[in-house]
Amino acid sequence: MPRPILATVHPLALRHNLARMRQAAPDARVWAVVKANAYGHGIERAFDGLRGADGFALLDLQEAERVRALGWRGPILLLEGVFEARDLELCSRLGLWHTVHCDEQIDWLAAHKTQVPHRVFLKLNSGMNRLGFTPQRFRAAWARLDALPQVEEISLMTHFSDADGARGIAHQVRAFEDATRDLSGERSLSNSAASLRHAQDARVRGDWIRPGIAVYGSAPDFPEHTSAHWDLQPTMTLSTRVLAVQELQAGDTVGYGSSFTADAPLRIGVVACGYADGYPRHCTTGTPVLVDGVRTRLVGRVSMDMLSVDLTPVPQAGFGSEVTLWGRAASGAVLPIDEVAASAGTLSYELMCAVAPRVPFSVEA
Ligand SMILES: *Cc1c(COP(=O)(O)O)cnc(C)c1O
């Protein structure tokens, strides 16, 4: 029998969250961002829940091929554009739309032989300083692209650095407005956080929003807001079972380094999940866990294949009991992945992407 650990993808939750993002920006079209193998869910497993999107945005060309292989004929956008000149052949063949963020990509387009002109998203660096042309160089790039017979249509995009936080997006929206003022073309600015927090502003909604993490049920601005606040549902559950029970006396310790000491008699469950499954080793005593759908806490250090949980709030639990590391328990109780990520000093993005290859996945029927 395989180890009892399992990751489950919830298609109805994906559909629900996608609908929530549409509601946040009702007049915009929605790119479902499925980079990093749909944030670790698996593109093929997430596809059914996300097929109501207007397009799929990602950055790996092989992932784009996989979306086409699923029968998707609608838009696909390469968020980083092409990485070398011959990638443009795949764009022509599969009808991929691609971001243009640097002069080299324009050089390659100018030399590309294609029957079908391309749809490109010209990227402005409005302050994130990751990808894109600076405001000073944006117009020259637009004019170069506009003169190319290889280019059918130019859309305009930028990306926010602080849509989830205190600095906000006003300075970047202003930079985008200034740089694009009299240029025609569709606009795309907003990730999940901007779509949820700032999309009352039509300039921020633009023509296409690009939500990722919210589609996967996580609050982009946790802990200021929770997934419940935004009415988002978990799309991935990591679950397993209790493998063994230990009865501790006061003074007994748990696990490597004896980082936890019982101050009174304590029943603990030893659980089949460890850092080799992608559960963060940085989670310490107190990290929330559900046992039989009841909230309890991690105790001691996470080891490679196991971790331990306090069974005090669930006296009926024992060998074989259901353990939910994040997501939804059989009872319907929810443990937001954002809380587990916060306990590890990281973000839900990283946890979703880091579920280890040895963990089997299933898709909820
Ligand atoms: C990843 C990404 C997104 C989605 O971001 P979320 O925070 O997951 O909503 C949108 N746009 C670009 C360019 C990205 O790289």
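Where an unreviewed UniProt entry is consulted, the protein chain appears under the name Alanine racemase, with the organism given as Ramlibacter pallidus. Taken verbatim from the UniProt record of the protein chain, the Cofactor (unreviewed entry) comment is "pyridoxal 5'-phosphate". Quoted verbatim from the Catalytic activity (unreviewed entry) field of UniProt, the annotation for the protein chain is "L-alanine = D-alanine".

Within this structure's numbering, the places UniProt gives as "binding site: substrate" (unreviewed entry) are Arg130 and Met304. Over a stretch of 175 residues, the named residues are scattered through the fold, their C-alpha atoms separated by up to 35.0 Å. Of the annotated residues named above, the ones that line the second largest cavity are Arg130. Of note, arginine 130 is situated in the loop between β6 (118–123) and α7 (135–146). Turning to its location among the elements, methionine 304 is positioned in the loop between β15 (294–299) and β16 (307–310).

On to unusual backbone geometry. Put simply, phenylalanine 222 and proline 223 share a cis peptide bond, and its omega is 5 degrees. With respect to the helices, strands and loops of the structure, proline 223 is situated in the loop between β9 (208–209) and β10 (236–248). Of note in the backbone geometry, alanine 38 takes a positive phi value of approximately 55 degrees without being a glycine. Mapped onto the secondary structure, alanine 38 falls in helix α2 (residues 35–39). In this structure, aspartate 292 takes a positive phi of about 50 degrees despite not being glycine.

What counts and how
Residues numbered from 1 in each chain as written. Predicted model: local features only at pLDDT ≥ 70, side-chain atom pairs only at ≥ 80, totals over all residues. Heavy atoms only, no water. UniProt positions renumbered as here; feature names shortened; annotations may be inferred. 1 Å grid on protein atoms, 1.4 Å probe; cavity = no way out; pocket = protein on both sides within 12 Å on 5 of 7 lines; lining within 4 Å. Helix = DSSP H or I, 4+ residues; strand = E, 2+ residues; numbered from the N terminus.

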